[in-house]
Every structure is written in C-alpha cells, then in structure tokens.
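# Residue-level structure breakdown
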Amino acid sequence: MKQSSKCALGGIVAALSLVMMISVAIIPFLTYALPAAAGLLIVIIVMEIDKKWAFGVYCTVAILGMLLVPDKEVAVMYLAFFGYYPILKAVTESKLPAAIGWMVKVASFVGTMVISYFLMIKFMGVTIDEVDEIGIIAIPLLLGLGTFAFVIYDIALTKLITLYIAKWRKYFRRYFK
C-alpha cells in the first residue's frame, strides 16, 4: 500500500472513530457500544497496514477524543481499552498459546476497567449509580458482567475479522492500493 493510501485510510478511520464517539451525545444509551465499535475500526489498520500505524491512529483518536468528545467516560473507555484492544488481540493471538492469550486479554480488560473507573470516580466525578441502589456488591457484579460482555465482544470481533477476510477484503483492496 502506498504511503498516501496509508495516510488516507488512517484519516478515514480516525474521523469515523471520532464521529462514533461524539454520537454518544445524541444516543446516550450507547456509552459502551460506540467506543467498542470505534475500536473495531482499528482492526482494518492492523490488518491492511500494520500494528505501528494502528497504534498511531489509536493515539490520534484517543487525544482528539479527550479534547472533543463531550462524554468523557466514552473517551476514557476508548483510551483505556477499546482503542488499543485490536492491537493487543493481534499480538496475543499471533505470539501466545490460546489459553495464555485469553488470560492476558481478560487480565488486561479487568485491570484497565478497575483503574479507569477508579480514576474517573476520583478525578472526574463519575458515579456508579448501582452502588447506591445495590450496595458495595455491585462493583464485583458489574465487573463480572463486564468481563462476560468482553468475552462476547472478543468472540464477535474474531468472527467479524473472519468475515472481513472472507468477503470484504477484496473490495477494500480495490479502493486502497
């Protein structure tokens, strides 16, 4: 792929990712789905260019997201996990055995969620409403449900990558040479 095509693709992915995250202002119930979908776009960069370019696009979107996205929780979710996860997934699945790869991915998810929510509660004033309603048991319950949702996200991401390779990649490569 030519350098100009790489730049164009990176710019398109960055712009689409930012639009998705800014859209939470219009569709607030997609607070977690839209940063996850924005992260899916990084997969295209990983597959069609390489991991270094994907990391550059991730950094660009993360910085612009923190500056431009009105819902900072969305920007933090992208920054803390969903933006770099496709890169982490590519590395763990290509270099580690499956069981160890899963442990690394789940530990990464749990660690980043705990740290990011701690920082958001401490410095950004984000509250977890379920703690007021259910009590302190809500935290491990939400973390468990989040981990379950993450596993489903990972499996869905794998299926989407397979679908992309089988059906869409040939059309994509016609436009970006």
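Shown above is the structure to which this text applies.
These figures come from a predicted structure and were not determined experimentally.

Within this structure, the stated rule accounts for six salt bridges. The closest approach of N and O atoms between R169 and E48, which form a salt bridge, is 2.9 Å. Taken together, the residues R169 in helix α8 (residues 138-175) and E48 in helix α2 (residues 33-48) connect sequence positions 121 residues apart. For E48, a relative accessible area of 10% puts it in the buried group.

The subject of this paragraph is the packing of helix α4 (residues 72-82) against helix α6 (residues 98-123). Following both chains from N to C, one finds α4 and α6 inclined at 145°, their axes separated by 10 Å at the closest point. Remark: the crossing between α4 and α6 carries right-handed chirality. On the side of α4, the interface is formed by E73, V76, M77, A80 and F81, while α6 contributes S108, F109, T112, M113, S116, Y117 and M120. Here the residues of the contact of α4 with α6 sort into eight nonpolar, three polar and one charged.

In this section: the environment of A54. By the element assignment, A54 lies in helix α3 (residues 51-68). Spatially, the C-alpha atoms of A54 and A15 are 14 Å apart, while their sequence positions differ by 39 residues. Not counting the four nearest positions on each side in its chain, A54 is found in contact with I42, I45, V46 and I87.

Taken as a whole, this structure holds zero disulfides when the rule is applied. With no disulfide of its own, C7 lies 16 Å from the sulfur of C59, the closest cysteine sulfur. On the accessibility criterion, C7 (45% relative accessible area) is partly exposed. We classify C59 as partly exposed; its relative accessible area is 27%.

What follows concerns the nonpolar core. By size, the foremost hydrophobic cluster in this structure holds 44 residues, and its most contacted members are M21, I42, Y78 and F81. Counting only elements with at least two residues in this core, the list comes to α1 (3-22), α2, α3, α4, α5 (85-95), α6 and α8. Examining the composition of this core, we find that nine residues originate from one element, α2, more than from any other. The residues touching I42, leaving out its near neighbours within four places in the chain, are V13, A54, V57, Y58, Y78, G83, P86 and I87.

There is a patch of nonpolar side chains on the surface, built from I22, I63, L64, L67 and L68 and spanning about 460 Å² of accessible area. Of all the elements, α3 adds the most residues to the nonpolar patch, at four residues. Within the element layout of this structure, I63 appears in helix α3. In this structure I63 comes out as exposed when scored by relative accessible area, which is 54%.

It is worth spelling out α8 at this point. With 38 residues, α8 extends only 48 Å from end C-alpha to end C-alpha; this falls clearly short of the ideal 56 Å at 1.5 Å per step. At W168, α8 shows its largest bend, some 65°. Buried within α8 are the following residues: A138, T147, F150, Y153, D154, L157, Y164 and F172.

On to α4, then. Judged by how many residues are buried, α4 sits mostly within the fold: nine of eleven residues are covered. Turning to α4, its buried residues are E73, V74, A75, V76, M77, Y78, A80, F81 and F82. If you follow the buried residues of α4, they end up packed against α1, α2, α3, α5, α6 and α8. Measuring from the side-chain oxygen of the N-cap residue of α4 to the backbone nitrogen of E73 gives 3.1 Å; that N-cap residue is D71.

Rules used throughout
- Residues numbered from 1 in each chain as written.
- Predicted model: local features only at pLDDT ≥ 70, side-chain atom pairs only at ≥ 80, totals over all residues.
- Heavy atoms only, no water.
- Salt bridge = Lys/Arg side-chain N within 4 Å of Asp/Glu carboxyl O.
- Helix = DSSP H or I, 4+ residues; strand = E, 2+ residues; numbered from the N terminus.
- Buried < 20%, exposed > 50% of the residue type's maximum accessible area, 1.4 Å probe, protein only.
- Axes fitted to C-alpha atoms, helices over the stretch in contact; angles between N-to-C directions.
- Left-handed = near helix turned anticlockwise from the far one by under 90°.
- Contact = heavy atoms within 4.5 Å.
- Nonpolar A, V, L, I, M, F, W, Y, C, P; charged D, E, K, R; others polar.
- Disulfide = S-S within 2.5 Å.
- Core = buried A, V, L, I, M, F, W, Y, C linked by side-chain atoms within 4.5 Å.
- Patch = residues over 30% accessible without salt bridge, like charges linked within 9 Å, V, L, I, M, F, W, Y side chains within 5 Å.
- Areas by Shrake-Rupley, 256 points an atom, 1.4 Å probe, with all protein chains shown as cover.
- Expected span 1.5 Å × (residues − 1).
- Bend = angle between axes of the 7 residues up to and from the residue.
- Polar contact = N/O pair within 3.5 Å; in protein donor to acceptor, adjacent residues only side chain to side chain.

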